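# Architecture at a glance
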Amino acid sequence: MSDDCLFCKIINGDIPADIVAQTDHVLAFRDINPQAKTHVLIIPKVHIQSTRELNDDNVHYLMDMAVMANNIAENEGIMESGYRWVINTGDDGGQTVHHIHLHLLGGRKLHWPPG
Ligand code: 5GP
Ligand code: ZN
């Protein structure tokens, strides 16, 4: 855990969030500024800054995040219509919170390429 990390504070319950699902390893909650009807953030319950810090020892969290995203897509009714997974990394990637998170976006037609 990182003391000054917003998402670690959500994991600890210090900051409230609209929690959708969780396991021992991952937490899913609704984005405070949703960009689609479904916009859920899925994070590991340990502080990993970004995709840059993924390695053999912690990449299993990404697997848990992926399975969680599928369960949520099913529950949100967007499995058939489609959805997008996004993980932003670093400044050019548009990352603003430095605790790795997978955006699950769906419920509307999403454009490509992203801006
Ligand atoms: P990034 O730009 O780092 O990929 O995504 C960070 C996301 O976190 C943004 O979509 C932003 O709306 C969301 N966010 C920022 N602060 C909070 C918060 O306090 N609560 C929740 N639920 N989402 C937040
Ligand atoms: Zn953190």
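Attention here is on the structure that accompanies the text. (Residues numbered from 1 in each chain as written. Chains lettered and ligands numbered in written order. Predicted model: local features only at pLDDT ≥ 70, side-chain atom pairs only at ≥ 80, totals over all residues. Heavy atoms only, no water.)

In this section: the coordination of the zinc ion (ligand 2). Ligation of the zinc ion (ligand 2) by protein atoms is provided by Cys5 (SG), Cys8 (SG), His47 (ND1) and His99 (ND1), these donors lying 2.1 to 2.3 Å from the ion. Angles of 107 to 115° at the metal separate the four donor atoms of the zinc ion (ligand 2), which places the site in the tetrahedral class. Donor residues for the zinc ion (ligand 2), ordered by position in the chain, follow C-x2-C-x38-H-x51-H. (Donors = N, O, S within 2.8 Å, 3.2 Å for Na, K, Ca; no water. Tetrahedral: all angles 85-135°; square planar, octahedral: opposite > 155°, others 65-115°.)

Moving on, we get to the site of ligand 1. The environment of ligand 1 is made up of 16 residues, and the closest members are Arg30, Asp31, Asn88, Thr96 and His103. Between an oxygen atom of ligand 1 and a side-chain N or O atom of Asn88, the distance comes to 2.8 Å. Looking at the shell around ligand 1, the elements with two or more residues in it are helix 1 (6-12) and strand 2 (26-30). Ranked by residues supplied to the shell around ligand 1, first place goes to helix 1 with three residues. Class assignment for the residues of the shell around ligand 1 results in seven nonpolar, seven polar and two charged. (Near = heavy atom within 4 Å. Polar contact = N/O pair within 3.5 Å; in protein donor to acceptor, adjacent residues only side chain to side chain. Helix = DSSP H or I, 4+ residues; strand = E, 2+ residues; numbered from the N terminus. Nonpolar A, V, L, I, M, F, W, Y, C, P; charged D, E, K, R; others polar.)

Here we take up the sheet that holds strand 1 (residues 19-22). Taken together, five strands build an open sheet; the order of strands is 1-2-3-5-4 and the sheet is antiparallel. In this open sheet, the two strands that pair with only one neighbour each are strand 1 and strand 4 (83-86). Averaged over neighbouring strand pairs, the angle between their axes works out to 20° when direction is ignored. Bridge analysis of strand 1 against strand 2 gives three bridges, and the strand direction is antiparallel. (Pairing = 2+ DSSP bridges. Axes fitted to C-alpha atoms, helices over the stretch in contact; angles between N-to-C directions.)

That's the geometry; what it means functionally is another story.
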